[in-house]
Every structure is written in structure tokens, then in C-alpha cells.
Amino acid sequence: MTIWFKQFTVDDLNKRSQHTLAEFLDIKFTQIGDDSLTATMPANARTKQPLGIVHGGANVVLAETIASTGANAVIDIEKYYCVGLEINANHIRPVREGLITGIARAIHLGRTTQIWLIDLYNEAGKQTCASRMTASVVTR
């Protein structure tokens, strides 16, 4: 059973990111599960800090991009919209190259708030960041 309000594709999600920070950082949605969204972000000059590793803020942008997209995909966007209320991130290990993959899953889908867990992984499949985002569900 799916949690999504209506059916959509990876292409729909990537088109929604046009002309945003997600597009600037080359964040790409790659998979839609019954209860999860997956996206990637490259470790490159746009996402790295001066030490040559991915900036913690870039990790947070990836995490919030996936979770916010998920939050808005489980509601009727004709009547509501979701915005980030709080996000945190624990940076577990640095990433110097390759693609970072983020997977977001909801742990609470309430009437006025949602909570999403977002785990980020390097290309070797090792977890690099653990994040949690709380979204506020706002009436239009």
C-alpha cells in the first residue's frame, strides 16, 4: 500500500525541481517506493567545502529536498502545502567523491505535522548522514 496522495513519476519530481537550489546542486530523484523517496547529489565543486569534502549544509539541502517533496506528495496540494519546520543532521563520515544517495521515509503523517527520517549513503553503501525533518502542514 502506498502513502502517496496521487500517482507521480521520477520525471515529475525532477521537473518540479527546475530553477531551484535542488537543480543548482544537481539533486536528482531516482526512485519512488511505496513509502519512500530516493534522490542523489554529486560530491563536486558546488557541494564541497574548502577541505574537499561535502559541506554539511549540502547534506541538509539533499535531506530537506527529499523530505519536503515527500511531505507534499502525501497531501492534497490543492488544499494544503508542507514546509520545513525543523531539520537536524548528524554527519557520520565525510564524502570526497561520487554520488550521495538519500532515502526519506515518513515516521509520522499527522493532520498538522509530519516527521521524516532521511538517511544518506556514499557509493560504497556506507551511511554518511542521518537526518530528521519535521514539516508543518498548512492550509491554503
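Just so we're clear, the structure is a prediction, and the values are computed from it rather than from any experiment. Residues take numbers from 1 onward in each chain, read along the sequence in its written order. Totals for whole chains, interfaces and linings use every residue, but because this is a predicted model, local features are given only for residues with pLDDT of at least 70 and side-chain atom pairs only at 80 or more, for both listing and counting. For the side-chain quantities, the full set of heavy atoms in the structure was used; hydrogens and water were omitted.

**Brief notes about the pairing of strand β4 (residues 99–109)**
The sheet contact formed by strand β2 (residues 36–42) and β4 spans seven bridges and is antiparallel. Its bridge partner being in β4, T40 is matched across the sheet by T101. Strands qualify as paired when DSSP identifies two bridges or more between them. Runs of H or I in DSSP of at least four residues are treated as helices and runs of E of at least two as strands, each being numbered from the N terminus. Pairing between β4 and strand β5 (residues 113–121): eight bridges, direction antiparallel. Each bridged residue has a counterpart across the sheet, and for R105 the counterpart in β5 is L117.

**Concerning the side chain of N122**
Counting through the fold element by element, N122 comes out in the loop between β5 and β6 (127–139). One polar contact links the side chain of N122 to the main-chain amide nitrogen of A124, over a distance of 3.0 Å. Pairing of N or O atoms within 3.5 Å defines a polar contact, subject to two protein rules: one partner must be a possible hydrogen donor and the other a possible acceptor, and residues neighboring in sequence count only if both atoms are side-chain atoms.

**Structural notes on the nonpolar core**
Residues grouped as a nonpolar core are buried Ala, Val, Leu, Ile, Met, Phe, Trp, Tyr and Cys residues, joined through side-chain atoms within 4.5 Å. Partly exposed describes any residue whose relative accessible area lies between the buried limit of under 20% and the exposed limit of over 50%, with all areas from a 1.4 Å probe on protein chains only and scaled to the type maximum. If you look at the biggest cluster of nonpolar residues, it comprises 32 residues, and the most contacted ones within it are M41, L62, I66, W116 and I118. At the level of elements, β2, α3 (56–73), β4, β5 and β6 are the ones that each hand at least two residues to this core. Residues are treated as being in contact if the distance between any of their heavy atoms lies within 4.5 Å. Not counting chain neighbours up to four residues away, the residues in contact with L62 comprise I27, A39, T40, M41, I100, G102 and L120.

**Concerning the sheet that holds β6**
The sheet built from six strands is open, its strands ordered β1-β2-β4-β5-β6-β3 with antiparallel pairing. The sheet terminates laterally at β1 (28–32) and β3 (80–91), the two strands that pair on one side only. When the angles between neighbouring strand axes are averaged without regard to direction, this sheet yields 25°. Bridge count for β5 against β6 is nine bridges, and the pairing is antiparallel. Considered in β6, the bridge of Q114 is made with A135. Packing of α3 onto the sheet brings it into contact with β1, β2, β3, β4, β5 and β6, and relative to β3 it is tilted by some 145°. Lines fitted to the C-alpha atoms define the axes, with helices restricted to the stretch that makes contact. Angles between their N-to-C directions range from 0 to 180 degrees.

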